[in-house]
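Listed below, chain by chain, are the residues.
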Amino acid sequence: MTYSPLRTRPLPRSLLSVALGACIVFAAPVALAQSTAATIRGQVMVDSAPATDARVTAINTATGLSRSVGVSANGNYNLAGLPPGTYRLQVEANGQSTSQTVTVAVGQTATLNLGVGGVAESAPAGEATDLDAVRVTTAALVETRTSEIATYVSPKQIEALPQSSRNFLAFADTVPGMVFVNSPNGSEAQLRSGAQGSSNINVFIDGVGQKNYVTPGGITGQDDSRGNPFPQSAIGEYKVITSNYKAEYDQISSAAVTAVTRSGTNEFSGSFFWDRTSDEWRASTLQELDAGEKSPEVTEQYGATLGGPIIRDVLHFFVAYEAKDFIVPQFVRPPAVFDASQLPADLQAFYGPTSSPFNQDVYFGKLSFQPGDANLFELSTRIRKESSLSGIGGINTDTFGTDLINDETRVNLRYQFSSERWLNDAQITFEDASYNPVPILAGPGQRYTIVDPNNPANLTLGVLNVGGGPNFQDKGQKGLGFQNDLTFFGFEGHTIKMGVKYKEVELRAFQQSPPFPQYFYDVNESLTQPYRVEYTTPRSGRDPFVQSDNQQFGIYIQDDWEVNDKLTLNLGLRWDYEKSPSYLDYRVNDDLAAALRGWTNIQNTDYDIEDFISSGSNRKAFKGAWQPRIGFSYDLLADQRHVIFGGAGRAYDRNLFDIMAREFYGGAFTTYQINFPTALHPCTGSNCLGFDPALLTPEGLAAYAAANPTAGGEVNLINNDLKTPYSDQFSLGMRNVITLGEQDWNTSVTLAHIRSRDGIYFRLGNRYEDGRFHNNPGATYGGAPFGQPIPGYGSLILGDNGINYNLNSLLVSLDKPYTEDSGWGLNLAYTYSDAKENRPDASEGETYIFDYPRIGTEYFISTGVPRHRVVLSGIYDLGWDVTFSGKLTVSTHRPRNATNCNDAASGDFCFYDPFIPNGSIGFKQFDMALEKRFDTGTDLGFKVRADVLNAFNWRNYNQFEGFRGDPGDPQNPRFAGRNGNEILLPTRTFKLSFGIDW
């Protein structure tokens, strides 16, 4: 048998197309801007009158980069395209020259009015500072006049707040509406927002989207990975926009994260860090307490950075490296009803503590070249190498798991040109991301079972799995892209942005499960002769490997219109288009089409099979992705301290390629099940054979498949008129800057409503002879027609649009930013979510529904979002170069999915009925960190840090009773209570870190 395909994938014909597109756009007489760059704008006054002949220059204090503009007729200035950082802002007017130092954040548009001649000026907030003739009221500018629901994560928060993973996205949960999700065993870390899942976010690094086009997770590399998408030490800061983003953001329907990377400066600098924890430094899990021993664990993270000038003020470099070496604790244990002493000693030895190693290396390098004030070139590269052993634990031994190879390379070349009235920002990108889970052991698997004592008539119960595991996949994306973002601010009161993006990216998908034969043994009969073997072989005429050279195109225009000193309107429109040849050119073969059209069961049913039979020319790419985005902000007193804001808009995401590829690999393998009759496992039928030792060999299994060819197989078909999922977003809120004592506090209260539509899902297309889905004419659940396949084939699975989400939320934030002068900072984020979904667990990634003929119009409480969530974090300088930080997270229970048969007249009338577990608090965790820095009196500094995660060792249970009881019986008294001892990690854990800065 052939267990894995060998493919040579041709490179996409992209380079010529991208180069041609670049020439066309560079030739256009328009100007461009970026989502990560900051803008400082305002008015210059001279002797209480608008300046008519003044010049404002911003000079980056670290790199020497400068931007200089003259004022307009009414004294207005606009400094755009500023990389986030600290700038010396110089004003020249009437022969006077004055300056002030200010700091701007990623993607920020800040208003700063300046004056010459003793004129009082205005800025958002802060302590007044007089410098010669210029007086401003802040050093760190605050953006309040925006319609976006946006929050900044500062470099100080990234540096100081406690954390375990060094994943920079983990700090996003200090933003209302955001959750950083860890799987129960910590094997997966993803970011999500609102009622939708993690696949609906997008992360923009230096203005380039990191979207995962193939598998879930939102961004490349985060599907089934505990790794980091980017070295944290290379991230400068980032902004989180939970909804109502402007038209420049694409391929997204929930939250946008826009981050900027660090650059080299005019001073050589570097750092080194190392941190460690182990099983000796953490509390035991409940399973470990029951077993009387801990699973081995070692977690080490280390890395270094180096940056500086190659040519001062002109050419700079920055490099970063981070690594993870984990030995992750796991526990192999039998089910409670099985006595492990029934197994021989060599198999018993598999039970107990074990581990699953994880290794990651992430590299980042960046060159910044600024030959003059008007030009900036940047070349950056990121490389990620990752290997993770997963699927271990429970009854799966450390040979039966999966080795996930997760590699990624991205290269970005950027050129920015600025002038008095416009800015041009062009980027050419390359990406190559691979997701390749393979069995740890390349060979047959042995599955040891018993007859389930709780259901002996129907079920066997697994007690131990050894040998080769069941997961093999080859998926990924590779291609080139070009994007150009434009800003023109030559019209008084208007900042007009426009942009275009084009990509050619090769997408691929393959999976085979199981790739190696699986032999089943009953512990109570024989450990040498199986009673069953299951294996797969490629089906004749079906290619399980799918590759598609997709083309993506997007264009937008945005006008940020300052109507007056109080009202700002944000008016935008974008359009996106994607051509996916694997979907558009797919052709149902003639035999299958004839079988479907002649299938009498579906001639009088609730769908038209012609909607799913593709001829290879009757599918069209979706062209309706028009996305109006409208927002406003109203500054009540024109001082940026009390601002009402709101907006409405539509945002289109995209369909994951792995889901689209099910038309190809769904049913592409024949699954053979050969049964060998035994006393406990009698069998009948053509696949019931007397045991033949030859069937323990690949040659014997191949011979059986050759002698017993099977036609047809499962058929997956997608609607010929497939749409792209989207969300409609509405919000209304108010921001305030409140001065208490000498400190400014930023507050925000927002009401948001988001409707998400057209998520793709798969349902059973089989029907009974009279076209019904249920075998009971009056039933709404139960008796699905799995035993009614397509004649000559297997079951019919139909893919269509239909998954929907509704979200009403209240987002509250209270923030006192950390400053060196005050020595402390505090942030409070509260989220109330009324989240609904029309297929429970859809927000958790569920894409199938087989209990009903289709997804209906009924909405259920979302199983992915707690109703109430509070995150409180703070940073405090204790003195003596010691900093304390803490983070408290508390939420109500996340609802769980369940099927309700207790309130039904019979089992046929069961229905989805998610529940909220008992108890008012579902999750609570307090983390803290203490860091001491040592000043050597030179450029070399040392630091030692201790993090304590889950300091009070609160147990966040994860298993709850979802069985309400049988029809007509009293409700199960254990319903909604705990029914297991699995807890979310971490237990109380001590982590020690050491660092050097120079």
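Before any of the text, the structure's been laid out above.
This one's a predicted model, so the numbers in the text were calculated from it and none came from an experiment.

Cut-offs applied
- Residues numbered from 1 in each chain as written.
- Predicted model: local features only at pLDDT ≥ 70, side-chain atom pairs only at ≥ 80, totals over all residues.
- Heavy atoms only, no water.
- Helix = DSSP H or I, 4+ residues; strand = E, 2+ residues; numbered from the N terminus.
- Buried < 20%, exposed > 50% of the residue type's maximum accessible area, 1.4 Å probe, protein only.
- Contact = heavy atoms within 4.5 Å.
- Areas by Shrake-Rupley, 256 points an atom, 1.4 Å probe, with all protein chains shown as cover.
- Lys, Arg positive; Asp, Glu negative; His and termini not counted.
- Charge placed at Lys NZ, Arg CZ, Asp CG, Glu CD.
- Salt bridge = Lys/Arg side-chain N within 4 Å of Asp/Glu carboxyl O.
- Patch = residues over 30% accessible without salt bridge, like charges linked within 9 Å, V, L, I, M, F, W, Y side chains within 5 Å.
- Pairing = 2+ DSSP bridges.
- Axes fitted to C-alpha atoms, helices over the stretch in contact; angles between N-to-C directions.
- Polar contact = N/O pair within 3.5 Å; in protein donor to acceptor, adjacent residues only side chain to side chain.
- Disulfide = S-S within 2.5 Å.
- Arc of directions from axis to C-beta.
- Core = buried A, V, L, I, M, F, W, Y, C linked by side-chain atoms within 4.5 Å.
- Phe/Tyr/Trp six-rings, centres within 6.5 Å; stacked < 30°, edge-to-face > 60°.

Draft legend 1. Examining the overall build of the protein chain more closely. Check the secondary structure of the protein chain and you find nine helices and 52 strands. With respect to the principal axes defined by its C-alpha atoms, the protein chain has extents near 100 × 65 × 55 Å. For the protein chain, buried positions account for 56% of its 998 residues. The contacts of the protein chain with a sequence gap of at least 6 include a subset with a gap of at least 24, amounting to 73%. On the protein chain, roughly 38800 Å² of surface is accessible, and the fraction owed to carbon and sulfur atoms is 56%. Of the side chains in the protein chain, 80 bear a positive and 109 a negative charge, and the two mean positions are spaced by 2 Å.

Draft legend 2. View of the pattern of salt bridges. Applying the stated criterion across every chain yields a total of 49 salt bridges. A single network of salt bridges, built from pairs that share partners, joins Glu159, Glu931, Arg933, Lys943, Arg945, Asp947 and Asp997.

Draft legend 3. Structural view of a nonpolar patch on the surface. Among the surface-exposed residues, Phe272, Leu306, Val319, Phe934, Leu940, Val944, Phe994 and Trp998 lie close enough to one another that they form a single nonpolar patch of about 630 Å² accessible area. With respect to the helices, strands and loops of the structure, Leu940 is situated in the loop between β50 (923–935) and β51 (941–949). Under the relative-accessibility criterion, Leu940 is labelled partly exposed at 34%.

Draft legend 4. Structural context of the sheet that holds strand β3 (residues 54–60). The antiparallel open sheet is built from four strands, whose spatial order is β4-β3-β6-β7. Across the chains shown, the open sheet's two edge strands, defined by having one partner strand only, are β4 (66–70) and β7 (96–104). Going across the sheet, the axis of each strand differs from the next one's by a mean of 20°, ignoring polarity. Two strands pair when backbone bridges link them, and strand β6 (residues 85–93) and β7 are joined in this way by nine bridges, in the antiparallel orientation. The residue bridging Gln90 from the neighbouring strand is Ser99, located in β7.

Draft legend 5. Structural context of the side chain of Glu237. With respect to the secondary-structure elements, Glu237 resides in strand β17 (residues 235–243). Within the buried set, Glu237 has no salt-bridge partner at all; the shortest N-O distance to an opposite charge, 9.9 Å, is to Lys239. A distance of 3.4 Å separates a polar atom in the side chain of Glu237 from the backbone nitrogen of Val106. Among all residues touching Glu237, those that are not within four sequence positions of it are Pro84, Val104, Ala105, Val106, Val153, Pro155, Ile158, Thr258, Ala259 and Val260.

Draft legend 6. Local environment of the sheet that holds strand β33 (residues 532–538). An order of β27-β26-β32-β33-β38 is seen for the five strands of this open sheet, with the pairing classed as mixed. Of all the strands in the sheet, just β27 (460–467) and β38 (669–675) have a single pairing partner and so form its edges. Averaged over all adjacent pairs, the angle separating strand axes in this sheet is 20°, with direction ignored. Relative to strand β32 (residues 518–522), strand β26 (residues 445–451) runs parallel, the two being bridged by five bridges. For Arg447, the partnering residue across the bridge sits in β32 and is Phe520.

Draft legend 7. Representation of the state of the cysteines within the structure. A complete count under the given rule lists one disulfide for this structure. One disulfide bridge connects Cys683 with Cys688, the sulfur atoms lying 1.9 Å from each other. As the torsion about the S-S bond is roughly 60°, the Cys683-Cys688 disulfide counts as right-handed. Cys688 carries the same exposure label as Cys683, and that label is buried.

Draft legend 8. Representation of helix α9 (residues 698–707). Within the span of α9, buried status applies to Gly700, Leu701, Tyr704 and Ala705. Taken down its axis, α9 places every buried residue within 135° of arc, on the same side. Opposite its buried face, α9 presents the exposed residues Glu699, Ala706 and Ala707, each directed more than 90 degrees away. Looking at the buried side of α9, the elements it contacts are β32, β33 and β38.

Draft legend 9. Spotlight on unusual backbone geometry. With omega at 0°, the peptide bond leading from Ser513 into Pro514 counts as cis. Relative to the helices and strands, Pro514 is located in the loop between β31 (511–512) and β32. Cis peptide bonds are those with omega within 30 degrees of zero, and the linkage from Leu985 to Pro986 qualifies with 10°. You can see Pro986 is positioned in the loop between β51 and β52 (989–997). With a phi close to 55°, Trp880 is a non-glycine residue in the positive phi region. Looking at the secondary structure, you find Trp880 in the loop between β46 (868–879) and β47 (882–891).

Draft legend 10. Region of the structure containing the nonpolar core. Of all hydrophobic cores here, the largest spans 30 residues; its most connected members are Phe168, Leu169, Leu191, Val203, Tyr238 and Val240. Elements supplying a minimum of two residues to this core: α2 (155–160), β13 (178–182), β14 (189–193), β15 (202–205), β17, β18 (256–261) and β21 (315–332). Examining the composition of this core, we find that three residues originate from one element, β17, more than from any other. Those residues in contact with Val203, other than ones at most four positions away along the chain, are Phe168, Leu169, Val208, Gly209, Gln210, Ile219 and Val257. Residues Val44, Val71, Leu114 and Val116 belong to the second largest nonpolar core, which totals 24 residues.

Draft legend 11. Spotlight on the packing of aromatic side chains. Enumeration over the complete set of coordinates arrives at 37 aromatic pairs. Between Phe318 and Phe364, the aromatic rings sit 6.5 Å apart at their centres with planes inclined by 55°, giving tilted as the arrangement. Within this pair, whereas Phe318 is found in strand β21, its partner Phe364 is found in strand β22 (residues 352–372), the two being separated by 46 residues in sequence. Considering the side-chain rings of Tyr321 and Tyr363, the 5.0 Å spacing of their centres and the 35° angle between planes classify their relative orientation as tilted. With Tyr321 in strand β21 and Tyr363 in strand β22, this pair connects stretches of sequence that are 42 residues apart. Overall, the relative accessible area of 24% leaves Tyr321 in the partly exposed class.

Draft legend 12. Summary view of the pairing of β6. Examined bridge by bridge, β3 and β6 share seven bridges and lie antiparallel to one another. Among the inter-strand pairings, Asn60 is bridged to a residue of β6, identified as Tyr87. Here β6 hands over to β7 after two residues, with Asn94 in that stretch at a positive phi of 50°.

Draft legend 13. Quick peek at the environment of Lys156. Along the polypeptide, Lys156 turns up in helix α2. The spacing of Lys156 and Ile875 is 719 residues in sequence and 8.8 Å in space, taken between C-alpha atoms. Contacts of Lys156, omitting those with residues within four sequence positions, involve Leu161, Tyr818 and Ile875.

Draft legend 14. Molecular detail of the pairing of β18. For β18, a buried count of six out of six residues is recorded, marking the element as mostly surrounded by other parts of the structure. Burial of β18 is two-sided: the residues Ala256, Thr258 and Val260 facing one way and the residues Val257, Ala259 and Thr261 facing the other way are all buried. Here four bridges tie β15 to β18, and the two strands are oriented parallel to one another. If you follow Val203 over to β18, its bridge partner there is Val257. As paired elements, β17 and β18 share six bridges and run antiparallel to each other. The residue bridging Lys239 from the neighbouring strand is Thr258, located in β18.

It is worth stressing that arrangement in space is one thing and function is another; only the former is reported here.
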